[in-house]
Amino acid sequence: MTKLTLTSLLLLLPLIFIVLTSAPPTIASEAATKGYSKSIPRFLGKFAYPNRGKPFQYETRYFEQRLDHFSIADLPKFRQRYLISTRHWTGPDRMGPIFLYCGNEGDIEWFAANTGFVWDMAPRFGAMVLFPEHRYYGESMPYGSRDKAYANAASLSYLTAEQALADFAVLVTNLKRNLSAEGCPVVLFGGSYGGMLAAWMRLKYPHIAIGALASSAPILQFEDIVPPETFYDIVSNNFKRESISCFDTIKKSWDVLISEGQKNDGLKQLTKAFRLCRDLKRTEDLYDWLDSAYSFLAMVNYPYPSDFLMPLPGHPIKEVCRKMDSCPEGTSVLERIFEGVSVYYNYTGKVECFQLDDDPHGMDGWNWQACTEMVMPMASSRESSMFPTYDYNYSSFQEECWKDFSVKPRPTWITTEFGGHEFKTTLKVFGSNIIFSNGLLDPWSGGSVLQNISETVVALVTEEGAHHIDLRSSTAEDPDWLVEQRAFEVKLIKGWIEDYHQKRNSVFSI
């Protein structure tokens, strides 16, 4: 984003600042793929590995929130869960900062466990750490239960980004008041959808938060701001750069899959070939399962072993392609696919059979959000993509949303509410103290801000980075570019806080 005055410092970092200059997308009427039902990719793993404990120390508390912050209607309130740690906080007398992570579309404990950067920085800054949970996820359920909250379109109608931001704003304002900490600066953090929320909250509530680190935040993945093929082109390029034959095997597999599924006992044979726990009812379900694996592998293509979504080796796509390519001569396409995809779904070798509908982190609310306001056009190109070719079909998407939720999408609402078109001008005029960090291996990077906008709205872009890798805990295996990126982020955040204190002291000394 912004042009930094610290040019010499930037030259020390292997960060690449680029501009997206692609033609606007075309909207086609029909998906070109045979029998291929395409859903919008999730930010996080529908088939992710369950949470494995509490690596950081915090208290779990609850705060009573309004169901609708923008109405005076007397609606039932709900308990919002939040995690808090004051272990390193220097307190209100020293105006210790508050690091607030904007909760994503899932259980907040999972995000807390996978955002070590915030915990690592807290002692250094004397900061309180706050992880509020997003409404309608985890334990933060309106109406008292998930079943009632998800009952119908009326009960789900309060699941919106703007209501979630208001939750965060009300919670931290109340907390500061109760702790006599009104003077303590708030710094926002978020990754993926949480990164979008962090950036939007800084723009919407500048009086509440002094800055935001928005990691892997695709705030431009709406309408025609970026081409709809961008996401799948980046996923595909991740595989192509490792192995052309691996890319080609995956590209061929979709037609083979359909052909097998159309045979008399095809679904039964596919169930057996992919070791599914239950009989396959539709080929499309297996399509989605494979699509998810490839997309999530691109997102978590970290240079070291990780278990954010699944237990995986370092450079997992390299391992997937090695598995596919090393199969003996005569191995069928689908056998190669199974060998490769097992790296994602069963790297530990402990899984006996595969479920196609697992959702251990409770992220089904994202389907509602994607059908209402988080409408992100997706398509797959014929030449660059290893996925089945299809064009973005809004009419079909609208019909599916009506079928699932009895709602009509609002495809232009996000850009109306938060901006997006003419984003450079908007961020330059109205924005400040925002870091947009992205790794170019992450397929969501194509929908984010990859160019400096001003001296205080900064884009940090790394060639080898994946999905919000900078927010993860530091390890001995971190490459130099990641260490340097985090150091630069710390430097910028330190500058925000010092600037806040300086301006606040000058005001109170008048």
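The structure this text deals with has already been given above.
Before going into details, it helps to say that this report is about the structure given with it. (Residues numbered from 1 in each chain as written. Predicted model: local features only at pLDDT ≥ 70, side-chain atom pairs only at ≥ 80, totals over all residues. Heavy atoms only, no water.)

## Thoughts on the overall build of the chain
We apply this condition: Each helix is a run of H or I in the DSSP string that is no shorter than four residues. Each strand is a run of E no shorter than two, and both are numbered from the N terminus. Each residue is assigned to one of three classes by its accessible area relative to the maximum for its type, calculated with a 1.4 Å probe on protein chains only: buried under 20%, partly exposed between the two thresholds, exposed over 50%. Contacts are assigned to residue pairs with any non-hydrogen atoms lying within 4.5 Å of each other. Using a 1.4 Å probe, the Shrake-Rupley method yields the accessible areas, and only the shown protein chains count as cover for residues.
Scanning the chain from N- to C-terminus turns up 18 helices and 8 strands. The buried share of the chain, reckoned over its 510 residues, is 57%. For the chain, the proportion of contacts with a sequence separation of at least 24, taken over those separated by at least 6, is 76%. On the chain, roughly 21,300 Å² of surface is accessible, and the fraction owed to carbon and sulfur atoms is 50%.

## Some words on helix 12 (residues 316-325)
Pro316, Ile317, Glu319, Val320, Cys321 and Met324 are the residues of helix 12 that are buried. For helix 12, the elements touching its buried residues are helix 8 (230-240), helix 9 (244-261), helix 11 (283-299) and helix 13 (333-345).

## Details of the pattern of salt bridges
Under the convention used in this document: Definition used for salt bridges: Asp or Glu carboxyl oxygen within 4 Å of a side-chain nitrogen of Lys or Arg.
Here the structure, examined in full by the defined rule, presents 15 salt bridges. Here glutamate 498 and lysine 494 are joined by a salt bridge, their closest N and O atoms 3.0 Å apart. Highlighted residues: glutamate 498 and lysine 494, both in helix 18 (residues 480-508), separated by 4 residues, approximately one helical turn. Residue classification places glutamate 498 among the partly exposed residues on the basis of a relative accessible area of 44%. Residue classification places lysine 494 among the partly exposed positions, given a relative accessible area of 43%.

## A few points about the pairing of strand 5 (residues 186-191)
Spelled out, the test is: Whether two strands pair comes down to DSSP finding at least two bridges between them. A clockwise path from the first strand over the helix to the second, with the strands pointing away from the viewer, defines a right-handed crossover.
Buried residues dominate strand 5, accounting for 6 of its 6 residues. Judged by which residues are buried, strand 5 turns out to be covered on both faces: Val186, Leu188 and Gly190 on one side and Val187, Phe189 and Gly191 on the other are all buried. Here 4 bridges tie strand 3 (residues 98-101) to strand 5, and the two strands are oriented parallel to one another. Within the sheet, the bridge partner assigned to phenylalanine 99 lies in strand 5 and is valine 187. When strand 5 meets strand 6 (residues 211-215), the two strands line up parallel, connected through 5 bridges. Residue pairing across strands places glycine 190 opposite alanine 214, the latter belonging to strand 6. Handedness of the strand 5-helix 7 (residues 193-204)-strand 6 crossover: right-handed.

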